[in-house]
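Structural overview
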Amino acid sequence: MGNDVLDDVIGWRDGHIIALDQTALPHRVSVLRIATVDQLVDAIAALVVRGAPLLGVAGALGVALAVRQGEREGWDAGRLDAEVKRIADARPTAVNLRREVIAIAAVIPDGAAAVEAAALKVRDTANEVSLRLSERGAALLVEECGAGPLKVHTHCNTGALACLGWGSALGVIRALRDRGALAHVIADETRPLLQGSRLTAWELGQLGIEHYLAVDGAGPFLISRGHADAVIVGADRVAANGDVANKIGTYSLALAARRAGIPFVVAAPESTIDEATASGADIPLELRADEEVTSFQGVRAAPEGTRALNYAFDITPAELVTAIVTENRVIRPLRRP
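Heads up: these notes are all about the structure in this document. (Residues numbered from 1 in each chain as written. Predicted model: local features only at pLDDT ≥ 70, side-chain atom pairs only at ≥ 80, totals over all residues. Heavy atoms only, no water.)

**As for the overall build of the protein**
This is how the line gets drawn: Segments assigned H or I by DSSP are reported as helices when at least four residues long, segments assigned E as strands when at least two residues long, and all are numbered from the N terminus. Within these notes, the globule rule equals 2.2 Å times the number of residues to the 0.38 power, and the radius of gyration is based on C-alpha atoms. Categorising residues by exposure relies on relative accessible area from a 1.4 Å probe, with only protein chains included: less than 20% of the type maximum marks a residue as buried, more than 50% marks it as exposed, and the intermediate range marks it as partly exposed. It only takes one pair of heavy atoms within 4.5 Å for two residues to be counted as in contact. Exposure was quantified through the Shrake-Rupley algorithm and a 1.4 Å probe, taking into account, for residues, occlusion by the shown protein chains and nothing else. Lys and Arg are tallied as positive, Asp and Glu as negative. Neither His nor the chain termini are counted. Charge positions come from single atoms, namely NZ of Lys, CZ of Arg, CG of Asp or CD of Glu.
Looking only at helices and strands, the protein has 12 helices and 16 strands in total. The C-alpha radius of gyration of the protein comes to 19 Å, within 12% of the 20 Å expected for a compact globule of 337 residues. Once the C-alpha set of the protein is aligned to its principal axes, its extents read approximately 60 × 50 × 40 Å. Considering the protein as a whole, with its 337 residues, one finds that 58% of them fall into the buried category. A separation of at least 24 residues holds for 76% of the contacts in the protein among residues at least 6 apart in sequence. As displayed, the protein has an accessible area near 13800 Å², and 51% of this comes from carbon and sulfur atoms. Looking at charge distribution, the protein has the averaged site of its 34 positive side-chain charges lying 4 Å from that of its 42 negative ones.

Okay, structure coming up:
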């Protein structure tokens with residue numbers, strides 16, 4: 001993947017946010033200029049900007065954007081607070097977004113330059129965290145499974161597009177490849193918005209990593225037939241007890257991994273662990289529009305009036321998680337009997 005593309009995943013340029021439009025991939029690389037809070041909130045809601053760690057960076061830069069817009073338009077403190085809160089609320093499940101918005105908002109009294117510097121530090125830190133997490137995760141999988149080469153199953157998109165740097169789960173996969181410990185990757189397509197087929201397959205192709213695409217419903221069966229030595233996924237929030245919120249479809253992979261006796265590993269930065277949330281039952285789960293399921297590429301795929309249960313995320317209980325790997329540590333929520 002070219003560095004020029006990575007540089008534009010998200011950044012700050014001349015007082016506005018630049019971001020890669022992840023809905024345009026893999027067919028075209030389109031970089032957007034986001035100049036207002038309205039534009040940022042819309043981009044987050046539409047998954048133009050997505051991925052828990054990347055949302056944290058977007059939230060941090062969004063505070064800087066709000067301060068700039070407020071200066072241009074003469075907002076008072078109440079209006080600025082309200083606009084900052086809109087950014088924090090744009091997606092409820094991923095804890096990184098709200099956490100970084102709150103952290104950078106605390107710098108507002110120090111002025112626009114200080115806010116921008118603090119926001120850019122969040123971006124730089126995300127890159128560094130990703131590399132450390134990737135190496136730690138690869139070492140863990142080699143410890144769990146042997147030197148390989150390993151067949152790895154993953155879900156959704158957890159690479160540079162979602163996290164910067166090398167990514168989280170996809171970063172671990174990349175580190176395995178660099179160790180000579182990777183055979184190939186099976187990537188779920190990730191319905192209904194196809195982050196696996198559009199984004200993960202694109203990133204793996206850019207990296208020259210052998211991979212196969214599978215429909216979501218096939219994942220557990222493929223695991224049962226020995227097509228994976230381990231499952232590794234990212235997370236949008238990890239509760240204090242080790243329950244994990246991640247893209248819908250993750251829970252079934254965890255059940256399949258337990259049945260097959262292979263590791264189910266979650267790769268996520270420390271910023272995704274939410275000690276203030278006791279368990280998965282307390283994590284708000286985003287319910288998205290029916291049309292994402294009842295239509296496909298603008299064409300109706302279900303009878304008129306069909307309603308959908310379009311949860312964006314599910315909860316994997318801690319008892320199914322072999323380990324959570326962060327940039328700093330390996331957490332084993334409950335050792336399997």
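**Regarding the state of the cysteines**
Inclusion rule: Cysteine sulfur atoms that pair up within 2.5 Å are treated as a disulfide.
For the structure shown, the criterion picks out zero disulfides. We note that C156 lacks a disulfide partner, and the nearest cysteine sulfur, in C163, lies 9.9 Å from it. Given the relative accessible area of 7%, C156 is considered buried. According to the relative accessible area criterion, C163 is buried, its value standing at 4%.

**Some thoughts on helix α5 (residues 95–105)**
Residues of α5 that are buried: V95, N96, L97, E100, V101 and I104. Those residues of α5 that are buried lie in contact with α2 (37–45), α3 (52–73), α4 (77–88), α6 (112–145), β8 (237–239) and β11 (273–274).

**Considerations on the sheet that holds strand β14 (residues 313–316)**
What counts here: Two strands form a pair only when DSSP identifies at least two bridges running between them. Axis definition: a line fit to C-alpha positions, over the contact stretch in the case of helices; interaxial angles, taken between N-to-C directions, run 0 to 180 degrees.
The sheet built from four strands is open, its strands ordered β11-β8-β9-β14 with mixed pairing. Either end of the sheet is taken by a strand with one partner, and the two such strands are β11 and β14. Inspection of the sheet shows β8 paired to β11 by two bridges, in the parallel sense. What sits directly across from A239, in β11, is D274. Most of the contacts of helix α11 (residues 250–260) go to β14, to which it runs at about 30°, and overall it touches β9 (244–247) and β14.

**Quick look at the pairing of strand β1 (residues 10–13)**
Here β1 pairs with strand β2 (residues 16–20) via four bridges, running antiparallel. Bridge assignment links G11 to a residue of β2, and that residue is I18. Where β1 folds back onto β2 in an antiparallel hairpin, the turn is made up of two residues, including D14, whose phi is positive at roughly 55°.

**Considering the environment of I10**
With respect to the helices, strands and loops of the structure, I10 is situated in strand β1. Sequence spacing of I10 and S134 is 124 residues, and the spatial spacing of their C-alpha atoms is 20 Å. Beyond its immediate sequence surroundings of up to four residues, I10 is in contact with I17, I18, A19, V49, L54, V57, A58, L61, R123 and L164.

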